[in-house]
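Chain residues, written in single-letter form:
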Number of protein chains: 2
Amino acid sequence: MDAAPRSGCPINAAVEALGDQWSLLVLRDIIFGDRRHFRELLAGSLEGIASNILAARLRKLVTAGILSKQDAPRGQRGRYSLTEAGIQTLPILYALGDWGLDWRTGDPELRARQELMRAEGRPFIEAFMDELRARHLGAAPKPRTGGPGPLERLESAHRTAIRPH
Amino acid sequence: MDAAPRSGCPINAAVEALGDQWSLLVLRDIIFGDRRHFRELLAGSLEGIASNILAARLRKLVTAGILSKQDAPRGQRGRYSLTEAGIQTLPILYALGDWGLDWRTGDPELRARQELMRAEGRPFIEAFMDELRARHLGAAPKPRTGGPGPLERLESAHRTAIRPH
């Protein structure tokens, strides 16, 4: 755990853990991009995160109990998983993206996922957190009523919004 | 407006505007503490924000369209108001505090407001945003069914949780 918090306020606690220019984007790429390895996170970064910053943020998120790192045998790559605390950052990412949708312009293919979540509302977020528990924590998948799961639907919304060049 | 964003992602847009160790705490103190002047924000800061950091963050939030500053006659103090974009950061603060409530310890009197919001759910957040529109934007107050408004209820929850010394 980190040094003593600046105050006992729960908003401050979250800001201390997540309030910087990169941590929430790393979580976004793990959650929505299903990227679990350092090299994928580095190569796939839309915002061009630097290698040393990515390494520092991953370490910080592990220390904060938001990610866990599975040790890999010598010469193989370590794999990052969300903890339950990490999975529960999804409503924070949702709230941030919802604000961005209303108050900033952006690319249609990057807004499509957020628009889908807004249209579907809280039950979709809950179902996505269940899917993340199955993917990251090895929880038994919740029975679904058929059709694609939340991550597949998000990826499909993203692909559909990419205009042909 | 700021320089070009790092990407067209709506989550990134919000992180660029709000992702630092202080901006969201300044908004918290304006929203929940009803502090509208520089000196109140400085003197009342639980986390001990430094004067130069507070000045820089207020400037950044005005530039980002999240706060507006009312010019004051010479010798008087300027007053900050939330814009509509600023009022709509409340769901972000709520999501952060909700995470902090579950994943960090803290002081009962600082957790009481967040616990009230969690218990009351989304309609309370909506009513509080309406109250902020009346306080900050001069909107006509929405008719209420009697009883104290959201800010008064939050302050009362906070006071009740302060244990006698």
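Here the structure is a predicted model, which means the values were calculated and not measured. (Residues numbered from 1 in each chain as written. Chains lettered and ligands numbered in written order. Predicted model: local features only at pLDDT ≥ 70, side-chain atom pairs only at ≥ 80, totals over all residues.)

## Focus on the nonpolar core
What counts, and what does not: Among buried residues, those of type Ala, Val, Leu, Ile, Met, Phe, Trp, Tyr and Cys that are joined through C-beta atoms within 7 Å form a set called a nonpolar core. In this scheme the burial state of a residue depends on its C-beta neighbours within 10 Å: 20 or more other such atoms mean buried, 12 or fewer mean exposed, and anything in between means partly exposed; the C-beta positions come from the backbone. Once C-beta atoms have been placed from the backbone, residue pairs whose C-beta atoms lie within 7 Å are recorded as contacts.
Leu93(A), Leu96(A), Leu93(B) and Leu96(B) are the most contacted members of the largest nonpolar core, which has 69 residues in total. The residues contacting Leu96(A), other than those within four sequence positions of it, are Leu24(A), Ile11(B), Ala14(B), Val15(B) and Ile92(B).

## Considering unusual backbone geometry
Residues other than glycine seldom take positive phi values, yet Asp34(A) does so here, at roughly 50°. Judged by the 14 C-beta atoms lying within 10 Å of it, Asp34(A) is partly exposed.

## Quick look at the confidence of the model for chain A
This is how the line gets drawn: Per-residue confidence from the prediction method is given by pLDDT, with values spanning 0 to 100.
Here chain A averages 93 in pLDDT, and 96% of its residues register 70 or above. In the model output, the complex is listed with pTM 0.95 alongside ipTM 0.94.

## A word on the packing of helix H6 (residues 90–103) of chain B against helix H7 (residues 108–120) of chain B
Residues and elements named next belong to chain B. Cut-off, in case you're wondering: Helix axes are fitted to C-alpha atoms over the stretch in contact, other axes to C-alpha atoms as well, and angles between N-to-C directions run from 0 to 180 degrees. Numbering of helices and strands runs from the N terminus, with a helix taken as a DSSP run of H or I at least four residues long and a strand as a DSSP run of E at least two residues long. Any angle that falls under 35 degrees is termed roughly parallel, while one over 145 is termed roughly antiparallel, one within 65 to 115 roughly perpendicular, and all others oblique.
Contact pair H6 / H7: the axes reach a minimum separation of 10 Å and the direction vectors enclose 110°. In terms of their interaxial angle, H6 and H7 are classed as roughly perpendicular. Along its contact with H6, which presents Tyr 94, Gly 97, Asp 98 and Leu 101, the element H7 presents Arg 111, Gln 114, Glu 115, Met 117 and Arg 118.

## A closer look at the relation of the copies chain B and chain A
Think of it as a corkscrew move, a rotation about one axis and a shift along it, taking one chain copy to the other. Applied cut-off: Residues reaching a pLDDT of at least 70 in both copies supply the C-alpha atoms on which the copies are superposed by least squares.
Mapping chain B onto chain A calls for a rotation angle of 180° and an axial translation of 0.0 Å; the resulting RMSD is 0.0 Å. Here the transformation between the copies is reduced to the relation of a two-fold axis. Residue Asp20(B), judged by its C-alpha, is the member of chain B lying nearest the rotation axis, at 2.2 Å. A high fraction, 100%, of the interface residues of chain B reappear at the interface in chain A, so the copies pair face to face through one surface.

## Re the domain arrangement of chain A
All names here are of chain A. Selection rule: The split into domains, and so the bounds of each, comes from an automatic or database assignment of domains. Amino acids outside the nonpolar list (Ala, Val, Leu, Ile, Met, Phe, Trp, Tyr, Cys, Pro) and the charged list (Asp, Glu, Lys, Arg) are all regarded as polar, and Gly is one of them.
Segmenting chain A into domains produces domain 1 (10–83) and domain 2 (89–161). Once you take the C-alpha centre of each, domain 1 and domain 2 turn out to be 19 Å apart. Within the residue set of the side of domain 1 that touches domain 2, elements represented by two or more residues are helix H2 (23–33) and strand S2 (79–82). When residues of the side of domain 1 that touches domain 2 are assigned to their parent elements, the largest contribution, 5 residues, is made by H2. A per-class count over the side of domain 1 that touches domain 2 returns 7 nonpolar, 1 polar and 2 charged.

## Here we look at the pairing of strand S2 (residues 79–82) of chain B
Residues and elements named next belong to chain B. Counted only if it meets this: Paired strands, as defined in this entry, are two strands with at least two bridges between them according to DSSP.
Burial along S2 is one-sided: the face carrying Tyr 80 and Leu 82 is buried and the face carrying Arg 79 and Ser 81 is not. Pairing of strand S1 (residues 67–70) with S2, which is carried by 4 bridges, proceeds in the antiparallel orientation. Among the inter-strand pairings, Ser 68 is bridged to a residue of S2, identified as Ser 81.

## Looking at the interface of chain B and chain A
Counting residues at the interface gives 39 residues for chain B and 39 residues for chain A. Those elements that provide at least two residues to the side of chain B that touches chain A are helix H1 (10–18), helix H2 (23–33), H6 and H7 of chain B. Per-element tally for the side of chain B that touches chain A: the top contributor is H6(B), with 12 residues. Residue composition of the side of chain B that touches chain A, by class: 19 nonpolar, 11 polar and 9 charged.

## Quick word on the environment of Gly100(A)
In this structure, Gly100(A) sits in helix H6 (residues 90–103). For Gly100(A) and Arg111(A), which are 11 residues apart along the polypeptide, the C-alpha to C-alpha distance reads 9.0 Å. Not counting residues within four places of it along the chain, the set of residues in contact with Gly100(A) comprises Gly106(A), Pro10(B), Ile11(B), Ala13(B) and Ala14(B).

## Observations regarding the packing of H6(A) against H1(B)
It is the contact of H6(A) with H1(B), at a shortest axis distance of 7 Å, that shows an interaxial angle of 90°. Compared by their axis directions, H6(A) and H1(B) come out roughly perpendicular. Contacts between H6(A) and H1(B) involve Leu93(A), Leu96(A), Gly97(A), Trp99(A), Gly100(A) and Leu101(A) from the former and Pro10(B), Ile11(B), Ala13(B), Ala14(B) and Val15(B) from the latter. Within the contact of H6(A) with H1(B), the residues separate by chemical class into 9 nonpolar, 2 polar and no charged.

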